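Residues per chain are reported as follows:
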Amino acid sequence: MEKGTLVEFRVHGDRRLAVADRPDGKKNWIVVDENGQPHSIPPKQISYEVVGETYKPSDIPKFLKEVEAYSDPSSLEVAWELLVGDGETADPESLAMLLFSESSAAQCYAAYCLLSTDKLYFKQKGDRYEPRPAAQVAEIKHQQEVEQQRHQESQGFWDRVKQRLAGKNVDWEHSDRTRLDALERFALLGEEATHRTPALETLASLERSENSEAAFGLLVDLGLWSTHENLFLRRSQIPLQFSAKVLEVAQRCLENPPTDSDTNRLDLTHLKVYTIDDESTTEIDDGLSLEFLENGQQRLWIHIADPTRLLSPGDELDLEARKRTTTVYLPTGMIPMFPPALATGPMSLIQGKECSALSFSVTLDEIGAAQDYSIHISTIKPTYRLTYDDVDEMLELGIEAEPEIAAIASAAKLRQKWREAQGAISIFMPESVIKVNGDDIKIHVIDDSTARMLVAEMMILAGELAARYGQAHSLPIPYRYQPQPELPPDEELLAVPAGPARACAVRRCMPRSEMGLTPGRHAGLGLELYTQVTSPIRRYTDLLTHFQIKAHLRGEPLPFTAEEIQDIVMCLGTAVKEASTVERQTNRYWGLEYLRRNPDEVWEALMLRWLREDSNLGLILLEELGLELAMRFGRSVAIGDRLEVKVTHCDPRSDVINFQEMIFEAAQ
């Protein structure tokens, strides 16, 4: 290399032009850049030599300006199209001739710069450059377009995030879903979440902690989740929405109800029918009637809504209900088993309208046992839509115009006594209903009222009759049974103060009820056989029993074989358990949130039982709220003791609550 040669060399990948000045040792050369800065470089660091002329460092800016005039990357495509057909290779000089019809030093260097930076049309082979095949160029173009689109989407996402965090409304794009879904998974599952990288990148870019709590906080800040987002529900497999197809089927069903397969329904529209529910109930699935017979006897009628009037086994609505298994009741609202327009409309027993029902007729003997009974596919017309409070008031006032209510209540009490004589185990614990409306939380404790006992006894009676019918006709239906509990000796139970503490002691001994195709004794109810049949709008197992009983009443083949019922029941078990768990966890969360919002309140508490007596950890009941919570005592207490407590710390999201006992000194 001669003094004055213009060379390109690389420093950390960057191009630099300099003029050769003198050798430096055996191999290196001292080159001087346009700023007069000398560099000692080895030959391997030189990437290009400008031949044919000599230069001074001060010539470099002028040379670069000349090069700039020829540095149009789009010209490479022209050269590629000319060369690719023949498979000819090119070097900077031949490319300069092809593109510019000349090969000056600046033109050759411009051609070299174009070739050496190109990643699309040419690939280097030694000192020459070979045009890539057309298919390969098309694929690379596609990849570049995809990458460019990705970059634009990414930039758009960050712009929307910044706008939203600044308090502006944004419309999220479909392309944002990958990052937002990753954030949601991470907030829900933490380290167990799959594909966490996009979530971690998002949090890191916003300089937030890379943990699930920070992901939750970001989702709240972005307005995608609420502060009280139900993570239990989100972690579950419970479907929150109905598909468009199912809603379309439901709408068709509303507009053009299918032909009733039960052409000989028993007309019971002459009966006075009472439906009794909470005021907020929208799915009304049972009603009661009473007939005074000529012989002085009374006939009870228990009418159950007949949703199977609108569906067939295996159709779209049936399969959707089977998938959902049950209606889920949460403080924030319910997630229904059927589309709401059907469940609260033609499937329900609506006051003043003719409704399809499955009606159970029964007379009781003098001690309360079911004597004569029959089951009918019927049409009824509900007369009164009553609340539990309405019925309690009617019973208290003894309304003469409605003697049926008092008679039904008397029958219910007789049934209750009969079941107790059969070994039924009655457990009453205060139960709370939590309702959340917007930011308002209300907790209502359900009373052990006559009206509630009345409805419960009639529903249990219908379940017994359905089970008797199933057994008598060998129908495969899902029976419920409960093994006999091993209760503590009477003297041990009597040592526990009466009320919730004793009920809690009994409750602990009760085994879980089970489900199967063989009828068995239900120890808790005191019945030799039992099935659930009274909530077909809300429980799929009840719907199964309706399908089977109705087919038998019509004299048709049963829609489900024993094997099919068994398979369905086994599949339903997991979903029912999950729904129950989500209901319990959600109620607990809102119960804790209520307590967190009332830190100055002093609550009356009852010591129910020990959780870990060695560490003074017990279970208390806040009776006015119906909430059972753990508390560590600071002194010696006994089961059944009453104390006053105050919340000292509560974090519903972490499921943590601490209490302090309030000790008031007696007035002097």
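Sequence order sets the numbering: in each chain, residues are counted from 1 along the sequence as written. Restriction of local features to residues with pLDDT of at least 70 applies here, the model being predicted, together with a cutoff of 80 or more for giving and counting side-chain atom pairs; totals for whole chains, interfaces and linings are based on all residues. Only hydrogens and water are set aside when side-chain values are computed; all heavy atoms of the structure are taken into account.

Looking at the overall build of the chain
(1) Moving on: The secondary structure listing takes helices from DSSP runs of H or I that are at least 4 residues long and strands from runs of E that are at least 2 residues long, numbered from the N terminus. Along its length, the chain carries 19 helices and 25 strands.
(2) Moving on: Computed over the C-alpha atoms, the radius of gyration of the chain is 40 Å, more than 25% above the 26 Å expected from 2.2 N^0.38 for a compact globule of 668 residues.
(3) Moving on: Projected onto its principal axes, the C-alpha positions of the chain cover 130 × 80 × 40 Å.
(4) Moving on: For the exposure calls, accessible area comes from a 1.4 Å probe over protein chains only, and a residue counts as buried if that area is under 20% of its type's maximum, exposed if over 50%, partly exposed in between. When burial is assessed residue by residue, the chain has 45% of its 668 residues classed as buried.
(5) Moving on: If you take every contact in the chain between residues at least 6 apart in sequence, the share linking residues at least 24 apart comes to 64%. Each radius of gyration reported is based on C-alpha atoms, and the globular scaling rule is 2.2 Å times the count of residues to the power 0.38. By the convention used here, residues are in contact when the closest approach between their heavy atoms is within 4.5 Å.

Here's the deal with helix H1 (residues 60-68)
The α-helix advances 3.6 residues per turn, and as a result positions three or four apart in sequence lie on the same side.
(1) Moving on: Among all positions of H1, only Ile60, Phe63 and Val67 are buried. Down the axis of H1, the buried side of the element spans an arc of 60°, and every buried residue falls inside it. Of the exposed residues in H1, the ones pointing more than 90 degrees away from its buried face are Lys62, Lys65 and Glu68.
(2) Moving on: Packing partners of the buried residues in H1 comprise strand E1 (6-11), strand E2 (14-24), strand E3 (28-33), strand E5 (46-50) and helix H4 (105-117). Taking the helix axis as origin, the arc is that swept by the directions to the C-beta atoms.

Brief notes about a nonpolar patch on the surface
(1) Moving on: Only residues above 30% relative accessible area that lack a salt bridge enter a patch, with like-charged residues linked at up to 9 Å and the nonpolar side chains Val, Leu, Ile, Met, Phe, Trp and Tyr linked at up to 5 Å. Accessible areas in this description were obtained via Shrake-Rupley with a 1.4 Å probe; residue shielding takes into account the shown protein chains only. Throughout this description, the term salt bridge denotes a Lys or Arg side-chain nitrogen within 4 Å of a carboxyl oxygen of Asp or Glu. Among the surface-exposed residues, Val78, Leu82 and Leu98 lie close enough to one another that they form a single nonpolar patch of about 250 Å² accessible area.
(2) Moving on: One can find Leu98 in helix H3 (residues 92-100).
(3) Moving on: Relative accessible area serves as the criterion here: at 36%, Leu98 is assigned to the partly exposed category.

Describing a negative patch on the surface
(1) Moving on: Only four residue types enter the charge count, namely Lys and Arg as positive and Asp and Glu as negative; His and the chain termini do not. Note on charges: their place is set at NZ of Lys, CZ of Arg, CG of Asp or CD of Glu. On the surface, Glu279, Asp389, Glu393, Glu396, Asp447 and Asp448 cluster together into a negatively charged patch.
(2) Moving on: One can find Glu396 in helix H13 (residues 388-397).
(3) Moving on: Relative accessible area serves as the criterion here: at 71%, Glu396 is assigned to the exposed category.

Thoughts on the sheet that holds E1
(1) Moving on: The criterion for strand pairing is that DSSP finds at least two bridges linking the strands in question. With antiparallel pairing, the 5 strands of this open sheet are ordered in space as E4-E3-E2-E1-E5. The open sheet has two free edges, formed respectively by strand E4 (38-41) and E5, since each of these has just one partner strand. Between one strand and the next, the sheet's axes are offset by a mean angle of 40°, whatever the strand orientation.
(2) Moving on: Note that E1 and E5 share 4 bridges and pair antiparallel. Counterpart to Val7 in the pairing with E5 is Glu49.
(3) Moving on: Contacts from H1 reach E1, E2, E3 and E5 within the one sheet, and its direction differs from that of E2 by about 140°. Axis definition: a line fitted to C-alpha atoms, limited for helices to the stretch in contact. Angles are taken between N-to-C directions and run from 0 to 180 degrees.

A short note on unusual backbone geometry
Backbone geometry follows two general trends: most residues other than glycine have a negative phi, and most peptide bonds adopt the trans configuration.
(1) Moving on: Residues other than glycine seldom take positive phi values, yet His195 does so here, at roughly 50°.
(2) Moving on: Within the secondary structure layout, His195 lies in the loop between helix H6 (177-189) and helix H7 (197-205).
(3) Moving on: In this structure His195 comes out as exposed when scored by relative accessible area, which is 62%.
(4) Moving on: Backbone geometry at Asp655 places phi at a positive 60°, although glycine is not the residue there.
(5) Moving on: By secondary structure assignment, the location of Asp655 is in the loop between strand E24 (642-651) and strand E25 (656-661).

A short note on the sheet that holds E24
Each strand in a sheet pairs with another by means of backbone hydrogen bonds, the pair being arranged parallel or else antiparallel.
(1) Moving on: What the 5 strands build is an open sheet, ordered E23-E22-E21-E24-E25; its pairing is antiparallel. Two strands in the sheet have a free side with no partner beyond their single neighbour: strand E23 (627-632) and E25. Ignoring which end each strand starts from, the neighbouring axes of this sheet average 50° apart.
(2) Moving on: Where E24 lies against E25, 6 bridges are found, and the strand directions are antiparallel. What sits directly across from Lys646, in E25, is Gln660.
(3) Moving on: The sheet strands contacting helix H17 (residues 500-509) are strand E21 (602-612), strand E22 (617-622) and E23, and the helix crosses E21 at an angle near 30°.
(4) Moving on: Contacts from helix H19 (residues 562-596) reach E21, E22, E23, E24 and E25 within the one sheet, and its direction differs from that of E23 by about 65°.

Concerning the side chain of Glu8
(1) Moving on: Along the polypeptide, Glu8 turns up in strand E1.
(2) Moving on: Judged by relative accessible area, Glu8 falls into the buried class, the value being 0%.
(3) Moving on: Here Arg10 takes part through its side chain, which lies 3.2 Å from a polar atom of the side chain of Glu8.
(4) Moving on: Pairs of N or O atoms are called polar contacts if they sit within 3.5 Å, as long as, within protein, a hydrogen donor faces a hydrogen acceptor (for residues adjacent in sequence, only side-chain-to-side-chain pairs). A polar contact of 2.5 Å, which involves the side chain of Glu8, links it to the side chain of Tyr109.

Brief notes about the nonpolar core
(1) Moving on: By size, the foremost hydrophobic cluster in this structure holds 42 residues, and its most contacted members are Ile276, Leu300, Ile302, Phe360, Leu454, Met458 and Leu461.
(2) Moving on: Elements with a contribution of two residues or more to this core: strand E9 (274-277), strand E10 (286-292), strand E11 (298-305), strand E14 (355-364), strand E15 (370-380), H13, helix H14 (403-421) and helix H15 (450-472).
(3) Moving on: A per-element tally of this core places H15 first, with 12 residues.
(4) Moving on: Those residues within four positions of Leu454 in sequence are excluded, and the remaining contacts are Ile276, Leu288, Val391, Ile405, Ile408, Ala409 and Ala412.
(5) Moving on: Only buried Ala, Val, Leu, Ile, Met, Phe, Trp, Tyr and Cys residues count toward a nonpolar core, and they belong to the same one when joined by side-chain atoms within 4.5 Å. In this structure, Leu268, Leu311, Leu349 and Cys355 belong to the second largest nonpolar core, which totals 34 residues.

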